[in-house]
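Architecture and fold: a report
Listed below are the residues making up each chain.
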Amino acid sequence: MNYLDRRKLLGLLGVAVTLPLIVGPALAETKINVGALRFTSHAASFVAFERGYFADEGLDVEFKFFQAAQPMAVAIASGDADYGVTAISGGLVSLADKGAVKIIGGALSEEKGIDGQKILASDKAFQAGVTDPSKLDDKTFAITQSGSSFHYMASKIADKENVAISFKPLQKVGAIIGAVKSGQVDAWSIVPHIAKPLAKSGAVHIIGDVSDYIPDYQVTTVFTSADNAANKRAQTEAFLRAFSKGAADFNAALVDKTAGDAAAEDMVKLIHKYVYADRPYEKAKPSIVNGAMRINEGAAMNTASIQDQLDWFIGEDLVKDTVTFDTLVDTSYVKTY
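Predicted model, so just to flag it, every value in this text is computed and none were measured. (Residues numbered from 1 in each chain as written. Predicted model: local features only at pLDDT ≥ 70, side-chain atom pairs only at ≥ 80, totals over all residues. Heavy atoms only, no water.)

Observations regarding the side chain of Lys118
Quick reminder of the rule: What counts as a helix is a DSSP run of H or I of at least four residues, what counts as a strand is a run of E of at least two, and both are numbered from the N terminus. Distance and chemistry together define a polar contact, namely a pair of N or O atoms within 3.5 Å, with one atom able to donate a hydrogen and the other to accept it when in protein, and with adjacent residues in sequence counting only for side-chain atoms on both sides. Contacts are residue-level and defined by heavy atoms, with any inter-residue pair within 4.5 Å sufficient.
With respect to the secondary-structure elements, Lys118 resides in strand β5 (residues 118-122). Only 2.6 Å separates the side chain of Lys118 from the side chain of Asp209, close enough to count as a polar contact. With sequence-adjacent residues up to four places away left out, Lys118 is seen in contact with Trp188, Ser189, Ile190, Ala195, Lys196, Ile206, Gly208, Asp209 and Val210.

Notes on the domain arrangement of the protein
Here is the rule: What marks off one domain from the next here is an automatic or database domain assignment. By buried area we mean how much accessible surface two parts lose on assembly, using a 1.4 Å probe and totalling the loss over both. A carboxyl oxygen of Asp or Glu within 4 Å of a side-chain nitrogen of Lys or Arg is what we treat as a salt bridge.
Splitting the protein by domain gives domain 1 (24-109 + 218-328) and domain 2 (118-212). A C-alpha centroid distance of 24 Å is found between domain 1 and domain 2. Taken together, the 23 residues of domain 1 in the interface contact 19 residues of domain 2. Carbon and sulfur atoms supply 61% of the area that domain 1 and domain 2 bury against each other, a total of about 1,700 Å² over both sides. Contact with domain 2 buries surface across domain 1, with Phe39, Asn290 and Trp312 losing the most and accounting together for 32% of the total. One can count 1 salt bridge joining domain 1 with domain 2. For Asp308, the salt bridge is made with Lys156, and the minimal N-O distance between the two is 3.1 Å. Our enumeration of links across domain 1 and domain 2 arrives at 5 residue pairs in polar contact (both at pLDDT 80 or more).

With respect to the packing of aromatic side chains
For the record, the criterion: Here a Phe, Tyr or Trp ring, Trp counted by its six-membered ring, pairs with any other such ring whose centre lies within 6.5 Å, and the pair is stacked when the planes are under 30 degrees apart, edge-to-face when over 60, and tilted otherwise. Buried, partly exposed and exposed residues are distinguished by accessible area as a fraction of the type maximum, computed with a 1.4 Å probe on protein chains only: under 20%, between the cut-offs, and over 50%, respectively. Ring-over charges, as used throughout, are those where CZ of Arg or NZ of Lys falls within 6 Å of the ring centre and within 35 degrees of the ring normal.
For the coordinates displayed, the defined rule picks out 14 aromatic pairs. Ring geometry for Phe46 versus Phe63: centroids 5.4 Å apart, planes at 75°, classification edge-to-face. Here the residue Phe46 occupies a position in helix α2 (residues 43-50), and Phe63 occupies one in strand β2 (residues 59-65), the gap between them amounting to 17 residues. Taking relative accessible area as the criterion, Phe46 reaches 0% and is therefore assigned buried. Taking relative accessible area as the criterion, Phe63 reaches 14% and is therefore assigned buried. Here the aromatic residues Phe46, Phe49, Phe63, Phe65 and Tyr274 are joined through ring pairs into a cluster of three or more. The ring of Tyr213 is capped by Lys160, whose NZ or CZ atom sits 5.6 Å from the centre of that ring.

Next comes the structure, spelled out in C-alpha cells:
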C-alpha cells in the first residue's frame, strides 16, 4: 500500500493523520528525582529505571532515598524530589492543604489472597500473653511519627479490638526494628519482607494481618508537587507510564507468578540492587520474595481507601477539618475504583 492509499484508509477509519511522525520520547533527557524507600514495595520505580522504561519516556531519573514517609513528602513539596511513592501521612495531607503536593496514583495495595502487612509483637510481649491483637490493651505500639501510616494502622486495629494502646514515635524504621526486637515496644505493623525475617529470628512474633482490620487498604500512593500535577502534564504522564510498566513486570514475576521462574529470579536480582543490598543475594532473596504485595495496575487508585484515611486524619485532629478529597488527590491521571 502506498502512502496516499494509507492516508485515505486512515481517513475512512476516522483516524487523524499528523505529519511528520515523531519517533522516540516527547521529553528529551528530562532530569527528575524520584523519592523511594529501600523496600520491595517500591520495586516498580526500580524496575522502570533498570529496564529503561524511564529512559524510553525521555526521563533521566536519579533516586533520593528516605527512611520514612513524611520527610519524602516535605522533599516533594520543596522541589528536592519530583515524584514519590509512599504512604499517606498527616504531613502529606497538610502539605496538600497548603497547595504543595498532590496524590496522582496508587501503588501498594492489600489484596485478599496475597500475603500483606503483618502485625508483630515483641518476644517479650508475646511471652507475656500478647498472642493476638485483642491482647494489645495497655500495650505500646511503635510508629515513625504521629500521623504516619503506622499510626493509622494501629488506630484501626485498636478500634476494632476495642483496646487502648500507647503510640511510641521512633522516627525511623531502623529504630523501630531495634526497639521491637529488644522489647522496648510491644507491637508494630510492617510489610511482609521485613516482618517475616524478624519473626523467623524469634525476636518477634506475627500475631495478625493488617488486611483483617483494613480490607483493600491503599497502602502507598504515587504523588508529586501540585505544580507538576497542574503544569507538567506530559512529564507526569510519562513518569506514570514508566512506573506502570515497572509495576506490571513486578506483579507478573513475583505476585501473579505468570512470567516463569527465570523472570522471578531476574526480578529478585534486580530488586536486590536496592533492597538488602548489604546482604549476600541468597540471604536477601527470601526477604525480597516475602515482600511481593500487589502494586496497582496502571497506578489505579482506590479512592474509597484514600477517603477513609483522610477521614481518619481529620477525626484525629491531625489535619484541618476543611481538607477535602479534591485538595489531596488529582484523579485525572489514572483510573480510580
